[in-house]
Each structure stands twice: as C-alpha cells, then as structure tokens.
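Below, each chain spelled out in residue letters.
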Amino acid sequence: MVIPLFDDDTGLLILAGMGDTVVDCFEVSASEPFLSQVSHCLTDTSTRGVAMVPKVALDVLSCEVMRVLQLTDSCIVPISYQVPRKHSGQEFHEDLYPDTVGTTPAMSAEEWWKGGNKQVEKVSLHPDKQPKQKAPPAKQMAAKKELASGGSKEDPARGCSTSSSPLSTPSSSAVPSRSPSSTSGLSSGFLHSPSPSQSAKAIQSMMGPTSKFRHIQGAVMHRDTHITNLRGLNLTTPGECDGFCVNRQRVAVPLAISGGQIGIFERSQPGRLPETALSTIQNSVNVVDLSWDPFDTHRLAVAGDDAKIRVWQVPEGGLKETLTEPEVILQGHTEKIYSIKFHPLASGLLVSSSYDLTVRLWNLESREQVKLLTGHQDQVFGMAWSPDGKLLATVCKDGKVRIYDPRKSTAPVQEGPGPEGQRGARAVWVCEGKYLLVSGFDSRSERVLYLYSAESLSSGAIASTSIDISPSTLIPFYDPDTSVVILTAKGDTRVHIYEMFPEDPYFIECSSFNSPEPHKGLAFLPKSECNVRDVEIAVGLLLTKTTIEPVAFRVPRVKKEFFQDDVYTDTAVCWEPALTASAWLSGSNGQHKKISLKPKDMTPVSEAPKEAPVRKYLPSSVYLEEKTDEQKKDELLSAMVAKLGNMDDPLPQESFEGVDEEEWDD
C-alpha cells in the first residue's frame, strides 16, 4: 500500500510504500509533464507510516518547504525538504511561502450543518507576522510545575525506566538524501518542549520498553577452537531432533554410517580430525534423537527408530575404542520415538514422545517407566519442561498446545489452540515460566512465534510475530538471565534473536547473526562457559557439513574493563541436580542454587568511578577576545616564519660531501 501526502501550497506530492525503504517526492503541475520527480530518499529502515508536519512548524528561514515524519518499527524519523537559496538562514523568501491555511476554525459544526461554507482564514509564515505567545501568569506556572512534579518534591525521574528510548531523533546522516532539495534532521523550531529530558521520558513511557541487547553481535570464534575435517555427517535426522547435542566437555554428532554410529568429540581437543577411522558409539539402529544428561557429562541418551532408548556411558577423556554395549536400555514404546528430554532439576529423569501418541517418563535410577501421559491425537512436535520442573508442555500436530502435571494426572491440565501449520513446532518456557513460547507455522506456511500465558492456554496466543517463510522449524534457545531467545533452523544461514517481555510489546527484535553457509544445527553451552570480559551472554556450537565452530553472542560495551552487572545477574547452577528422580516423583520440589559470574579482579560497572566531563571546545572567551591589529600582524609573521623555516639554518647541500682531488680523472 502506498501512502500519498499532498501539500497545496507547493504542489509537492509524497509517496511512501508500507514496508518500503524509499520515500519519493514529486511536483504536481496543471500542464505537462503533470508529474515530475523532485527527490528519491532512501531510508535505513522500512516504513510503517508517514505524516506531514504542519506548516507553522517549518524552519522558514532555512527554506524548509515540507517536513515528513516516517514511522518505523523502532523510531520516528524526520525527513526535511529544503530549497537551496543563497541567503538561506538569513532571509524570508516570500515566493516559497504563500499564505497558508491557519489553525483557527472557520465555523462551528452547527453552522456547517445549517449550510455554512466559510473558509479557514489564511495566515502568513513570515516570522515577523507570527503571533507572540503571552506569558502565563506566575500562579498558573507554579500550578503547572506542581502538576508536572506530581504534587510532591520527589525526583521526577523516579518510576521511569532508565533505558534509552526507542523513539530517536536522528541527525542528518540518519536518512540518506538523494536530492539537493531533500535533507533530514530536526530544526531548532520543530519541538517546543520545556526540557529535552522531560520529552524523552514522555516519549519513552509512550513507546514502552527498550532492549539493551538490540545491538547484540554474534561472531564465530578463532579457527584454533574449531573441530574440522568432520566426515560422514548424518543429514537426515528427523525434524524433532536438534541435529546434535553438546555439553561442557564434549559433542555428540550422529553419523551417516551403518549401525547408527555416533561421533564423540572432546571440546578440549580442537583441530583437524584424522583421516583414519574414528572411535564411535555403535547404537545398532538409526538415531532419531539424542541428549546429554545435564548433570553427568559422560551419560548420553539415544532414541532409536526401534522404539528403544539406549543410555551410553562415555569414559573419562573421551572414546578410545568403539562402544557397542549401552549402560541401560529402556523399552515401553510400541512405535518409533520422536524426541527425548532430560528433567531440568531432578537427576536421572527422562521424558520421551513416540509415534504411539504417548509421552512416557523414565527413571534411570530404577531403569523403568514411571509415568504414561495421554491425550495426543497426532504427532508430538516438541516438549518442554517448565523452569521449576513441575509442568511439561507439548505442542502437537493436531493443532493443540497442552500442559501436563505428570505427578498429578496423566491427562493434560490445560489445553489450547496451537499453530495452524502442520510442518512442525517447538516450545520453550519464558519470562520465569509465566509464558510459553511456541515456534511454528501459520496457515500460509510462514514461520511465526506465538506467545501463550501459562495460566490460560485455552485463550489462545496473546501475542505473535512473523519471522519469514522457510520449510525448517525454528529451534529456540532461551536464556533466563537476560530473557533473550535465540532461534535458528537446520539448513538456515540466519540466527534470529529477540528479547522477551512479560508485557506489551512482548517481542523486541535484536540484531541477527548470519553464517557464511547453511548450518546443520546450533546447540548452546551453560552460562558458565561465557567470557564475561568480552560481555558474552551466550556461547553455542555451530554444526556445519564438515566443522564444529564455537559462536559467541556479545553485547557491545565501552567499559569492558568493568564487570557488566546489569547484564550478568546471578545465574543458576544448571549443571548440578537440585533433587533426585525418586524425590521428585514422591512430590518434592527443588531449585538450583545461584552463583555470580563476576571474576575476583573485576569491579562492577555500577561501582565504576564517574568520569568528569571533558571539555571538547575552548571556552567562548578565547573566541570572543578582541585582538589588536599589531597582535594579528605578529601572529601572521610568526606563522609565515614557522612555515618557511629559519634563515640562519644551513642549506641541505652544505652538508653534502665532495669528491677527493685524487678521484678526478686527468
């Protein structure tokens, strides 16, 4: 959709398309060519709306004939149109500014209803003819001040967010101009506010929360940390599988070798893999999903297409020979398994979903099935444990999102409408477990993020945001410390990043990360693996066709020598169990202890000494100081002498050495 804006005084027509990054300006005339283009302005971000500023707000002394405000996803950008004139800024050019429609109504609604046709009186834009505003009485000013401060002596900033506002007023470089008659930026007479800080706070409260992670940067770490020459990668793992899995010590990758073999690679031994055969885990059947035990870096659970779950124990130091005998085999499902998930708090507790439309809980301590959950009518796309470990959420191909309380009922305690698309979906709990985030597809096969209230699934999604169109399901990773969710899919090259909020707007998009080639998976490490000195908030491993590459997601900060305590809250020790499987099954609950990531030799940025402001310019007295003609003459002569050099200095050729008499030829 194209939005037209027309100015009767100048005959200028503005055309801006919704979602476009171009704003065109045309001049409309009564004779041929009727429409001629004046400027072609390219903007930094897509247009969500445009509006024209009233004529009385223009900077007429700068020959500004029109100003348009462009609404984007995160800010309002002014685009100014000026006519270049020789004495711009000094004189009022009457030929540019005919009398314009004023702001005083010509008649009342009742008069118009009775047939009145009066016209609004036109006014001049000449600065000398503008009505002067009367100063309000002192009592009225005092009352306004008291009202602005809330009727008390408290700090006016109290209760306001201290984060920067998303509503910015960019400089002239913010909107690139493609024509001499089109410039951008705010003139001095645009906003008449008593205080810039008060205006910023008012705008901030109007626009809502902002994200400190908006400019997050993803970067692949140095090649010395890569595992290369990976061969025989299995590229046909089911959509419910993440493709591979990692923990703090090692990586497990399914290989396209007969017998369902799995490669185990130590993170402490990066480099090029040998050309010879590797020691592997021989699962004996095709791998459909695999997961490391979060509390035991040596235990790997593998689901096979024979409806069995095999639990393997990797020896200390990694594989030195091929493993053929699992530690435990769990049987109970009657058809192929979709996916498996370990419990986030209880040790030795595993959940699995299967083509037999059941979800089963397994106790690895007793090596038996302990719960069987029912209610699904079709394929289970994904499962997710709540942060407190009490509830289990599932998203299903039958178009439903369900929440189970496995210890109380085998049937879902809540059920609501899920994504309409049937290509696949994933779920993760966000915002301290108050909401459920589901990545799926809509009816047009567009990838969409849906946000549900964990207390009322039946009400449907309370918010959603469209991502793009692609056949692969987005796999979400959520960092509870920062409320940042990172999403990508197998076969994608782009990693999407959002900050989640428990209130409107719920989603704030941050900078994305792009890999040079399609990746096969992205798995994340515990928060303790982040380098806080580089302000890393997440570290993952990127699986490509032949390599495993660490990727760090960093927040750009100026004072990196300080610990960024506004970014790093105390983090949960998620690599240690809070309770046993038996205790959880008997009704006990627990929570992870928390630790600070601050190194002992770093000072929190909140305690950093405040630097005194540095004067960038000389005081005005230096420029205003009057100099006599004699002083100016002396300064000029001194500058000329310094340029020409000292007359008493020897010439360069005087230092050259001559030729001895004996060297001359006769």
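Look up a bit, the structure's there.
First things first, this report covers the structure right here in the doc. (Residues numbered from 1 in each chain as written. Predicted model: local features only at pLDDT ≥ 70, side-chain atom pairs only at ≥ 80, totals over all residues. Heavy atoms only, no water.)

### Here's the deal with the overall build of the protein
Then step 1. The secondary structure content of the protein amounts to six helices and 45 strands.
Then step 2. In the protein, 53% of the contacts between residues at least 6 apart in sequence involve partners at least 24 apart.
Then step 3. Of the roughly 36,800 Å² of accessible surface on the protein, 51% is carried by carbon and sulfur atoms. (Helix = DSSP H or I, 4+ residues; strand = E, 2+ residues; numbered from the N terminus. Contact = heavy atoms within 4.5 Å. Areas by Shrake-Rupley, 256 points an atom, 1.4 Å probe, with all protein chains shown as cover.)

### A short note on the packing of aromatic side chains
Then step 1. All told, the structure shown has 10 aromatic pairs when counted by the stated rule.
Then step 2. Ring geometry for F477 versus F524: centroids 4.1 Å apart, planes at 10°, classification stacked. With F477 in strand β35 (residues 475-479) and F524 in strand β40 (residues 521-524), this residue pair connects regions lying 47 residues apart in the sequence.
Then step 3. Given a relative accessible area of 24%, F477 falls into the partly exposed group.
Then step 4. Here F524 falls in the buried class, since its relative accessible area comes to 15%.
Then step 5. Consider the rings of F524 and F553, whose centres lie 6.0 Å apart with planes at 35°: the pair is tilted. A residue pair is termed long-range when its members are at least 10 positions apart, and F524 in strand β40 and F553 in strand β42 (residues 548-554) qualify at 29 residues. There is no split in this pair, since F524 and F553 are both buried.
Then step 6. Aromatic rings pair up to connect F477, F513, F524 and F553 into one cluster.
Then step 7. Positioned above the aromatic ring of F441 is the side chain of R423, whose terminal nitrogen or guanidinium carbon lies 5.9 Å from the ring centre. (Phe/Tyr/Trp six-rings, centres within 6.5 Å; stacked < 30°, edge-to-face > 60°. Buried < 20%, exposed > 50% of the residue type's maximum accessible area, 1.4 Å probe, protein only. Lys NZ or Arg CZ within 6 Å of the ring centre and 35° of its normal.)

### Here we look at the sheet that holds strand β20 (residues 308-313)
Then step 1. The sheet built from four strands is open, its strands ordered β18-β19-β20-β21 with antiparallel pairing. Of all the strands in the sheet, the pair left with one neighbour each is β18 (287-293) and β21 (328-331). Averaged over all pairs of adjacent strands, the angle between their axes in this sheet comes to 20°, without regard to strand direction.
Then step 2. Where strand β19 (residues 296-304) and β20 come together, five bridges link them in antiparallel fashion. Pairing of R299 across the sheet is with Q313, part of β20. (Pairing = 2+ DSSP bridges. Axes fitted to C-alpha atoms, helices over the stretch in contact; angles between N-to-C directions.)

### Comments concerning the sheet that holds strand β27 (residues 380-385)
Then step 1. Read across the sheet, four strands follow the order β27-β28-β29-β30 without closing on themselves; strand pairing throughout is antiparallel. The open sheet has two edge strands, β27 and β30 (414-417), and neither has a second partner. Neighbour to neighbour, the strand axes of the sheet diverge by 15° on average, direction disregarded.

### Some words on the pattern of salt bridges
Then step 1. For the structure on display, the rule yields 26 salt bridges.
Then step 2. With a closest N to O distance of 3.0 Å, D9 and K55 form a salt bridge. In this pair, D9 is assigned in the loop between β1 (2-7) and β2 (12-17) and K55 in the loop between β5 (49-52) and β6 (64-71), connecting sequence segments 46 residues apart.
Then step 3. Its relative accessible area of 14% is what places K55 among the buried residues.
Then step 4. The closest approach of N and O atoms between K114 and E110, which form a salt bridge, is 3.4 Å. Residue K114 shares its accessibility class with E110, and that shared class is exposed.
Then step 5. Within this structure, D7, D9 and K55 form a network of salt bridges that share partners. (Salt bridge = Lys/Arg side-chain N within 4 Å of Asp/Glu carboxyl O.)

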